[in-house]
Amino acid sequence: MRRAALAIEALAIGLLFWSFFSDARYALAGAALAALGAAAALGAFGQRRELPHFWLWFASILVYAFLYLPLAIVVIFSFNDSKLAAEWVGFTTSWYAKLLADVDMLAAARNSVLIALTASAVATVLGTMAGIAMHRYKPRLLPFMVLTPVAMPEILLGVSLLIFFLNTARPALALFGIEFDLGVLTVIIAHITFCIGFVAIIVRARLAGMDESIFEAARDLGATPWETFRRVTLPLIMPGVIAGALMAFTLSIDDFVITFFTSGVGTKTLPLEIYTMIKVAVTPEVNAVSTLLMLLTLGMIVVAGRVAPDVLRGK
Amino acid sequence: MTAILEIRNVTRRFGDFAAVNDVSLSVASGEFFTLLGPSGCGKTTLLRMIAGFDDPDAGEILLGGKDLTGTAPERRPIHTVFQSYALFPHMTVAQNVAFPLKMAKRPAEEIDRRVREALELVHLAEKRTSFPHELSGGQKQRVALARGLINRPRLLLLDEPLGALDAKLREEMQIELIAMQRELGITFVFVTHSQPEALALSHRIAVMNAGRIEQMDEPSKIYGFPRNRFVADFIGHCNMLEARVADATPQGLRLEVPGLGAVAAPPADGARAGASGVLAIRPEQVRIAAPDAALDLQNRFGGKVRDFLYVGDVTTYVVDLESGARVEALLANSAPGRAKFFEVGDAVQVAWRHDAGAFLHG
Ligand SMILES: Nc1ncnc2c1ncn2[C@@H]1O[C@H](COP(=O)(O)OP(=O)(O)O)[C@@H](O)[C@H]1O
Ligand SMILES: [Mg+2]
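Residues numbered from 1 in each chain as written. Chains lettered and ligands numbered in written order. Predicted model: local features only at pLDDT ≥ 70, side-chain atom pairs only at ≥ 80, totals over all residues. Heavy atoms only, no water.

Some thoughts on the domain arrangement of chain A
Residue and element names in this part refer to chain A.
Logical step 1: Assigned domains within chain A: domain 1 (2-77) and domain 2 (98-312).
Logical step 2: At the junction of the two partners, domain 1 supplies four residues and domain 2 supplies five residues.
Logical step 3: Across the domain 1/domain 2 interface, buried area totals approximately 380 Å², and carbon plus sulfur atoms make up 74% of it.
Logical step 4: Area buried by domain 1 at its contact with domain 2 is led by Val74, Val75 and Phe77, which between them contribute 83% of it.
Logical step 5: Along the contact surface separating domain 1 from domain 2 lie zero salt bridges.
Logical step 6: There are zero residue pairs in polar contact (both at pLDDT 80 or more) connecting domain 1 and domain 2. (Domains from an automatic or database assignment. Contact = heavy atoms within 4.5 Å. Buried area = accessible area lost by both parts, 1.4 Å probe. Salt bridge = Lys/Arg side-chain N within 4 Å of Asp/Glu carboxyl O. Polar contact = N/O pair within 3.5 Å; in protein donor to acceptor, adjacent residues only side chain to side chain.)

Spelled out as structure tokens, the structure:
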């Protein structure tokens, strides 16, 4: 009975899903919710012996459904041959073609990738150094300095960075005859600021469980500090470094608030561009961009799994 | 015998606490030297200063006559075998063992050959491509040993290397360690808190306590002539009887032991009439016999068996003497299938030679 209940649950979710594409969406959604209730009731009366962890299964299916179904809907509608994201009309790839011809969107994408690559690369190097330093020397102040941007509300960080760039950095650099405006560079600096902390936390966590004598053994057996870092420390923390880099890249590429404050007028990133588009209407073009972004993220996770299997296995 | 390692008045403090306190010692080339002492007595701290991970607050450490102060660990021809093994988890057995040669920038074909030889020496040739987590404790130990020895250090430091192994394996490794040390002629400084291990392995032992060296000598001297109460108690098992010197001559001491009366003991440095201390005597030096047996020994006392401990080859009897003192005596189980010669409550006599035991001040 409990297995049947799970099957009904899955069916109900499928029905809910289908209601998005149908004219009779309220009727279908109502039926889906009723079926979900029936599944829960059926499970409650089922035999414990049949499936010991029924509620765990029940909840897991729901959680996964609500995590991934919206994504699936975005992907499906990006291929919908209709200007309105209301119901399914037919298959097309024209939105992707349109996207690739959209000059603004391409510029935004280029900016986003440039910013994310640069910011995550720099943040990974600095964050790794900070993580190692925090682990090895147990400094008092460094953790606060590195971790504050992680915990601080983004809007605060965005505003303070904006004020810093305009009221402090600009006049200060002007003294040396250096002029600069808000743009890609300021966004990169802002992103580095909040990404360092994430990398540092992950790298430090990776080091925390390690036998310290390994690093001493390397020195003892003839490795200089640099050789010890390159041949022992770095390979051992690599999964943490890669996980940190991925995290930094992801945080950077989808950041909205901080980017909004620090990008100035002319510079757009993908999230800003999508936001501009969506203010008019949720077009299939937005779905297409989102699908591409998803693909990029998925690709990164796969690559990470290849380079450092530990990251995915959570060791 | 030339000294390869010399430690002169080395002190290391952590705050007010001296973990190593004015230690001086010298280790001869080719020697198997052991630092023996209870946990926390400063053995690791001393070893870390020799290896270069820590610096003395006072005193100096010399290797081959040259002061090591300021020399980085990687520039000291000294390698360490850590208690936790400290194998590199991301490298195979062969890569681990090759590491010191690689750091020394040896040519690849030489590294290959020497790694093969080293792994054969420790019987791990077939494990060369395994990773540390795939090895048993004993195998990890062998890899650590091969890695420490492969680049022929002038000194190999071993910090309780056998501590994590079970008893049987430990004994096997002890035998291999001795053979390897003799064969390679590399000087070992071995750290342990296990006194049987120290006695079995070493040419010389330094007994440490609370940051100081209590006694430094060959194993049989340390065991046979402990210099103070700590050493007597720590090395092996010892009966301790409170005693006062009644008379001291160059031939021997006459001690006054409360309850027992006069006891003869061998001469002791600086023991004068009136000095008080303890008479330390090992259970195997104490004879135990039936009350009517004729024992031609000067120190002879009557008592009752209180308890006994059978461990196979020998049985230890705990005897309450008539005076109230308690003495342990050891008897070899020479008759097969017999666990004891005396029952609890049996009247017995215990006796020991006039030159057995040692009077210790304090
Ligand atoms: N880095 C340190 N800071 C403070 N105290 C220490 C430090 N290292 C060792 N000690 C102390 O020094 C004493 C000797 O330690 P150690 O040399 O490790 O002893 P052993 O190796 O003989 O067990 C211990 O009481 C220990 O707590
Ligand atoms: Mg120790």
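Section: the site of ligand 1
Residue and element names in this part refer to chain B.
Logical step 1: Taken together, the residues surrounding ligand 1 are Phe14, Phe17, Ala19, Pro38, Ser39, Gly40, Cys41, Gly42, Lys43, Thr44 and Thr45.
Logical step 2: Take Cys41: an N or O atom from its main chain is 3.2 Å from an oxygen atom of ligand 1.
Logical step 3: For ligand 1, whose accessible area on its own is 560 Å², the fraction buried by protein is 57%.
Logical step 4: At the level of secondary structure, the elements contributing two or more residues to the shell around ligand 1 comprise strand 2 (17-28) and helix 1 (43-51).
Logical step 5: Residue contributions to the shell around ligand 1 peak at three residues, all from helix 1.
Logical step 6: In terms of residue class, the shell around ligand 1 is made up of five nonpolar, five polar and one charged. (Near = heavy atom within 4 Å. Areas by Shrake-Rupley, 256 points an atom, 1.4 Å probe, with all protein chains shown as cover. Helix = DSSP H or I, 4+ residues; strand = E, 2+ residues; numbered from the N terminus. Nonpolar A, V, L, I, M, F, W, Y, C, P; charged D, E, K, R; others polar.)

Some details on the packing of aromatic side chains
Describing an aromatic ring pair means giving the distance of the ring centres and the angle of the ring planes.
Logical step 1: Within the structure shown, the criterion is met by 19 aromatic pairs over all chains.
Logical step 2: Arranged with centres 5.2 Å apart and planes meeting at 10 degrees, the rings of Phe79 of chain A and Phe91 of chain A form a pair that is stacked. In this pair, Phe79 of chain A is assigned in the loop between helix 3 (54-77) and helix 4 (94-101) and Phe91 of chain A in the loop between helix 3 and helix 4, connecting sequence segments twelve residues apart.
Logical step 3: With a centroid separation of 5.4 Å and 45 degrees between ring planes, the pair formed by Phe301 of chain B and Trp352 of chain B is classed as tilted. Of this pair, Phe301 of chain B sits in strand 16 (residues 299-310) while Trp352 of chain B sits in strand 19 (residues 347-352), and the two are 51 residues apart along the sequence.
Logical step 4: Assessed through its relative accessible area of 0%, Trp352 of chain B is described here as buried.
Logical step 5: Ring pairing ties together the aromatic residues Phe256, Phe260, Phe261 and Tyr275 of chain A, which thus form one cluster.
Logical step 6: Directly above the aromatic system of Phe215 of chain A lies the positively charged group of Arg136 of chain A, at a separation of 5.9 Å from the ring centroid.
Logical step 7: Directly above the aromatic system of Tyr223 of chain B lies the positively charged group of Arg282 of chain B, at a separation of 3.9 Å from the ring centroid. (Phe/Tyr/Trp six-rings, centres within 6.5 Å; stacked < 30°, edge-to-face > 60°. Buried < 20%, exposed > 50% of the residue type's maximum accessible area, 1.4 Å probe, protein only. Lys NZ or Arg CZ within 6 Å of the ring centre and 35° of its normal.)

Remarks on the domain arrangement of chain B
Residues and elements named next belong to chain B.
Logical step 1: Along its sequence, chain B is carved into domain 1 (3-232) and domain 2 (237-361).
Logical step 2: The interface is formed by seven residues belonging to domain 1 together with eight residues belonging to domain 2.
Logical step 3: Interface area, domain 1 with domain 2, both sides summed: about 710 Å², of which 51% is carbon and sulfur.
Logical step 4: Ranking the residues of domain 1 by area buried against domain 2 places Tyr223, Arg229 and Ala232 at the top, with a combined share of 77%.
Logical step 5: The tally of links between domain 1 and domain 2 comes to one salt bridge.
Logical step 6: As a salt-bridge pair, Glu242 and Arg229 come within 3.2 Å of each other at their nearest N and O atoms.
Logical step 7: In this structure, the connection of domain 1 to domain 2 is made through three residue pairs in polar contact (both at pLDDT 80 or more).
Logical step 8: In the side of domain 1 that touches domain 2, the residues fall into four nonpolar, one polar and two charged.

Comments concerning the packing of helix 10 (residues 225-253) of chain A against helix 2 (residues 93-103) of chain B
Logical step 1: Put simply, helix 10 of chain A and helix 2 of chain B touch, their axes get as near as 13 Å, and they point 155 degrees apart. For the element pair helix 10 of chain A / helix 2 of chain B, the angle class is roughly antiparallel. By crossing handedness, the relation of helix 10 of chain A to helix 2 of chain B is classed as right-handed. Here Glu227, Arg231 and Val232 of chain A of helix 10 of chain A lie close against helix 2 of chain B, whose contacting residues are Phe99, Lys102 and Met103 of chain B. (Axes fitted to C-alpha atoms, helices over the stretch in contact; angles between N-to-C directions. Parallel < 35°, antiparallel > 145°, perpendicular 65-115°, else oblique. Left-handed = near helix turned anticlockwise from the far one by under 90°.)

Notes on the pairing of strand 9 (residues 204-209) of chain B
Looking along a regular strand, one sees the side chains alternate between the two faces of the sheet.
Residue and element names in this part refer to chain B.
Logical step 1: Here strand 3 (residues 32-36) runs beside strand 9; their pairing, made up of four bridges, is parallel. In the strand pairing of strand 9, Leu36 is matched with Val207.
Logical step 2: Two strands pair when backbone bridges link them, and strand 9 and strand 10 (residues 212-217) are joined in this way by five bridges, in the antiparallel orientation. Among the inter-strand pairings, Asn209 is bridged to a residue of strand 10, identified as Arg212.
Logical step 3: Linking strand 9 back to strand 10 in an antiparallel pair, the connection comprises two residues, with Ala210 at a positive phi of about 50 degrees. (Pairing = 2+ DSSP bridges.)

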